[in-house]
Amino acid sequence: MPGISQIRSELNRTQRRKLRRLLIDAWRNVPLYRTLYARLGLSERELADPQVLRSLPIISKADLLATPLDQRINRRFDLSNLTKETTTGSTGQAFSLYIDAHYRRHRNLRFLRGLLSAGYRPWHRLLLLTDRHAGSSRRQNWHYQSVEDSTEHILDTYIRVRPQVLYGFTTPLRLLAERLRQRPQTVPAPRLVVATAEMLDSATRRTLQAVFGCPVIDFYGMTEMGLVAWQRPGADGYITPRSAVLTELIPDDSCHGRYRMLMTNLDLRASPIIRFDSGDLAFARSAGGEPVITAFEGRRIDTLVCRDGTELSPYRITDALRDIPGVSRFKVTQRDLTSLDVDLEVDSASVDHSRDRTIARIREIFEKLLGRGLELKFAFTDKLIPDGTRKFRPVESRVLRP
């Protein structure tokens, strides 16, 4: 299926109109894109043709992080009226996005559309395991539970809420399922489980289905794009809201059968993101001449295995380390139950005594999370590079599970 792409002449009227407006607006009002497109010798008239998208530069998160804020904000918007949203840091490097109220409504409606398509109804109790709300909170029939809490605490919330729809990051869902399997008491099962934020591999899907006794589907999204694709129970492949996010699928030569995804957010105007390469990979097939995504790869983040055999969610690690002063990126590799490699990307101007404070602070964090007596091996670098074309995994465990 070479050269497969969702960007082609069959774009409908809405897609063509939104893409044309986005490109011209970015040209006129966003210095980042004005500079990039001027280097290619593109004129505003040429940008009015949606097919020009294929020839535009590809943007990575590193490019956005390296661009000063005033260069990537649309000058039509007052920054004080925008809402700042920060990514989870699951790639080891958090990124801040600025959105306006109009875009937020569109994004939330798209998420609701995905839930409704999957079988959720407004009268259902919905429990969301997420990092977007601190602690436990409730809004109408929507209950929020932080993934930073312990599995035992999440279990207590699950039993109290008795959700009819359970939505959450894949790792906390798996840890919750394993904890439920150990309980002698029966807990009411939900109607639907929705996994997100990481790759939903077949083994994890089987575990969730066996424990919860209901359909398990996957939502694929990110802060930069919102919900990009979702599954429906019993349906093959993912639904993609093409009027909101245009996705190009480019064959990846190093991974046979997999495709890079270049995404353009058609609704985000305040800080537009055009032809964004997240680093994730997708499996796809052709159906009736149209590409259909059948699986995503590159989002799996490992848990760390504690010495007592329990597992620690990687989000406990990323949330604890991402605000360490002077550290812009990190990678934690668990070699065995008592040793960890901690690779840190730091400013080249850092001095030795600040590195000593950084080491002391990280040792303190891991002793609190995993106990004393750990062997920690630190390495400092100016640049942490992901392995191959796969998404950077900030937390990786190489401990064999029984």
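Preceding this paragraph is the structure being described.
Notes on the structure follow. Because the structure is predicted, anything quoted here is derived from the model rather than measured. (Residues numbered from 1 in each chain as written. Predicted model: local features only at pLDDT ≥ 70, side-chain atom pairs only at ≥ 80, totals over all residues. Heavy atoms only, no water.)

### Some details on helix 7 (residues 151-161)
Step number 1: Where helix 7 is concerned, the buried positions are Ile154, Leu155, Thr157, Tyr158 and Val161. The buried residues of helix 7 occupy an angular sector of 160° when projected down its axis, which confines them to one face. (Buried < 20%, exposed > 50% of the residue type's maximum accessible area, 1.4 Å probe, protein only. Helix = DSSP H or I, 4+ residues; strand = E, 2+ residues; numbered from the N terminus. Arc of directions from axis to C-beta.)

### Focus: the environment of lysine 377
Step number 1: By the secondary structure assignment, lysine 377 is in strand 19 (residues 375-381).
Step number 2: Residues lysine 377 and threonine 333, spaced 44 residues apart in sequence, show a C-alpha to C-alpha distance of 9.8 Å.
Step number 3: If sequence neighbours within four positions are ignored, lysine 377 has contacts with Leu340, Asp341 and Val342. (Contact = heavy atoms within 4.5 Å.)

### Things to note about the sheet that holds strand 20 (residues 395-397)
Step number 1: Spatially, 4 strands are ordered 19-18-17-20 in an open sheet, and the strand pairing comes out mixed. Edge strands, defined here as strands with exactly one partner in the open sheet, are strand 19 and strand 20. Geometrically, the sheet is characterised by an average inter-axis angle of 15° between neighbouring strands, direction not taken into account.
Step number 2: Inspection of the sheet shows strand 18 (residues 339-346) paired to strand 19 by 7 bridges, in the parallel sense. In the sheet register, serine 339 faces strand 19, and the bridge partner there is glutamate 375. (Pairing = 2+ DSSP bridges. Axes fitted to C-alpha atoms, helices over the stretch in contact; angles between N-to-C directions.)

### A word on the side chain of glutamate 224
Step number 1: By the element assignment, glutamate 224 lies in the loop between strand 9 (216-222) and strand 10 (226-230).
Step number 2: Its relative accessible area of 3% is what places glutamate 224 among the buried residues.
Step number 3: Engagement of the side chain of glutamate 224 in a polar contact is seen with the side chain of lysine 61, the distance being 3.3 Å.
Step number 4: In this structure, glutamate 224 is in contact with Lys61, Thr87, Phe95, Leu97, Tyr103, Asn265, Leu268, Ile273 and Phe276, ignoring residues within four places of it in sequence. (Polar contact = N/O pair within 3.5 Å; in protein donor to acceptor, adjacent residues only side chain to side chain.)

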